[in-house]
Amino acid sequence: MKKSWRSDRLSQLGSSIFAEVAEWRKQAASNGRDIINLGIGSPDKPPTEAVRKALSEAALRTDAYSYPGTHGSAAFRGQAAAWMDYRFGVKLDPDHELVSLMGSQDGLSHLAMSLCNPGDVVIVPNPGYPIYTAALALAGVEPYLLPLKEENQFLPDLDSVPDDVWQRAKFILLNYPGNPVSAVVDLAFFERLLAKAKEYGVLVVHDAAYSEMAFDGHEPPSILVVPGALEGAVEFHSLSKSFNMAGCRIGFLAGNREAVGALRELKENIDYGVFGAVQEAGVIALQEAMSASAPPKAGVLYEKRRDSFIEALAAAGWIVEKPKATMFIWAKLPKRSSGEAWTSRAFAQELLAQTGVVVIPGEAFGSEGEGFVRIALVEDEARLLVAARRIGEFLGC
């Protein structure tokens, strides 16, 4: 008897649109299209020279190749705690309130397994980063999809969540500055969120991967700044986007020691931690950010790209709202020249086939993403202007 060697869970991991887009891209390239890939949010710039030097020198040492340990090096955890204090005024115990990760997605993938039992409920945003719901499927946890709507500036209506959902929920996961919606919040929002969650004993999980990529003078706060937050919240931080270290795979979870400890305990059974040389490079990146001669934040680069690209889109006939943060534009679909409405998938597929410009359909991030596409500002300004011109020609068809 032939048995299936594919888990049913794989069918619960969410949209396969990223694999589909990769196939569309291959087809467009085979048809001679010059591809401008604004799909995946992978930084196109390298880390600073000091970070690259630290990584290379550490990797050459003969003592660098033992198991690094799941907890993370004392040097990296200590520096991450120092950076949280420097950047947000948050004081952490690096031994118990912080754990290193192989990028924040590592932690996001495993958090539900470490905090929840099968059948528990977790509140996640819709639209939201795909790993949020995929991780719940792997853990056998039930998602409650919390709508993020344009008319509410993509902020959740916490009071719309039924009382029985709050009572069953283990944690609520939100992400500001957001991916894909690029929305931001203030400290007052975090205060309301923590008060609501505390009422029901729900942990707040905040994904702050884009905290250093804000524009127009906005400084995203940490939820851990709120008095008492360490009693009921954890926060993910990543060096991938803010420090151009995406391929290095390094980040950390900070906050409530019980939740941090649970994730560490799970990871002690499934991996051996971040390569030591990468942790040493991460220390340098955080030290640089705290120095008097700190390099410009990543947000400076993406703000310039945002302005140039959105102005060029407007000149081409597509008016898109300027995001206040992140490397993404969450763009409401324009009308067809015929006046009919696009679906996000049809728009992205036809745009790529006809122009070579890659964007991601909003539906890939949840049902509330229909009617939008996500555009990543991961090309230089000259290429972004070419992309805008091609989009304008496409819309004029």
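Conventions and cut-offs
Residues numbered from 1 in each chain as written. Predicted model: local features only at pLDDT ≥ 70, side-chain atom pairs only at ≥ 80, totals over all residues. Heavy atoms only, no water. Buried < 20%, exposed > 50% of the residue type's maximum accessible area, 1.4 Å probe, protein only. Helix = DSSP H or I, 4+ residues; strand = E, 2+ residues; numbered from the N terminus. Pairing = 2+ DSSP bridges. Expected span 1.5 Å × (residues − 1). Contact = heavy atoms within 4.5 Å. Polar contact = N/O pair within 3.5 Å; in protein donor to acceptor, adjacent residues only side chain to side chain. Axes fitted to C-alpha atoms, helices over the stretch in contact; angles between N-to-C directions. Parallel < 35°, antiparallel > 145°, perpendicular 65-115°, else oblique. Left-handed = near helix turned anticlockwise from the far one by under 90°. Nonpolar A, V, L, I, M, F, W, Y, C, P; charged D, E, K, R; others polar. Phe/Tyr/Trp six-rings, centres within 6.5 Å; stacked < 30°, edge-to-face > 60°. Lys NZ or Arg CZ within 6 Å of the ring centre and 35° of its normal.

What should I look at first to understand the pairing of strand S7 (residues 233-238) in this one?
A regular strand carries its side chains on alternate faces of the sheet. Summarising burial for S7: 6 of the 6 residues are buried, a large majority. Summarising the sheet, S7 and strand S8 (residues 251-255) pair through 5 bridges and their orientation is antiparallel. Bridging from a neighbouring strand, Val234 pairs with Gly255 of S8.

It is not clear to me how helix H9 (residues 276-290) should be interpreted in this structure. Could you clarify?
A rise of 1.5 Å per residue sets the reference length of H9, with its 15 residues, at 21 Å; its end C-alpha atoms lie 21 Å apart and thus fit the reference within 8%. Within the span of H9, buried status applies to Ala277, Val278, Gln279, Ala281, Gly282, Val283, Ala285 and Leu286. In this fold, the buried residues of H9 make contact with helix H2 (49-60), helix H3 (74-88) and strand S2 (98-101).

Got a minute to help me understand unusual backbone geometry in this structure?
Keep in mind that most residues, glycine aside, have a negative phi and that most peptide bonds are trans. The peptide bond linking Tyr176 to Pro177 adopts the cis configuration, its omega dihedral lying at -5°. Along the chain, Asn179 connects to Pro180 via a cis peptide bond; the corresponding omega equals 15°. As for its position among the elements, Pro180 is in the loop between strand S5 (169-174) and helix H7 (187-200). In this model, Phe154 sits at a positive phi of 60°, which is unusual for a non-glycine residue. As for its position among the elements, Phe154 is in the loop between strand S4 (142-147) and helix H6 (163-168). A positive phi angle, close to 65°, is found at Arg249, a residue other than glycine. Structurally, Arg249 is set in the loop between S7 and S8.

Quick question: what am I supposed to make of the environment of Asp271 here?
Relative to the helices and strands, Asp271 is located in the loop between helix H8 (257-268) and H9. As for Asp271 and Phe88, which are separated by 183 residues in sequence, their C-alpha atoms are 30 Å apart. Polar side-chain contacts of Asp271 include one of 2.5 Å to the side chain of Lys267.

Help me understand the packing of H3 against H9, please; the structure alone is not making it clear to me.
Angle between the axes and distance between the axes: these two values describe a pair of packed helices. At their nearest, the axes of H3 and H9 sit 9 Å apart, and the two run at 20° to each other. By the angle between their axes, H3 is roughly parallel relative to H9. For H3 against H9, the interelement crossing comes out left-handed. Across from Ala75, Phe76, Gln79, Ala80, Ala82, Trp83 and Tyr86 in H3, the residues of H9 making contact are Gln279, Gly282, Val283, Leu286, Gln287, Ala289 and Met290. Looking at side-chain class alone, the contact of H3 with H9 contains 10 nonpolar, 4 polar and no charged residues.

How do you make sense of the packing of aromatic side chains when you look at a structure like this?
The geometry of two aromatic rings is summed up by the distance between their centres and the angle between their planes. A full pass over the atoms with the stated rule returns 17 aromatic pairs. Between Trp83 and Phe88, the ring centres sit 5.7 Å apart and the planes meet at 85°, which makes this aromatic pair edge-to-face. Note on Phe88: relative accessible area 12%, which makes it buried. Ring pairs connect the aromatic residues Phe18, Phe154, Trp330, Phe365 and Phe372, which therefore count as one cluster. Here the guanidinium or amino end of Lys2 rests over the ring plane of Trp5, the centre of that ring lying 4.3 Å away.

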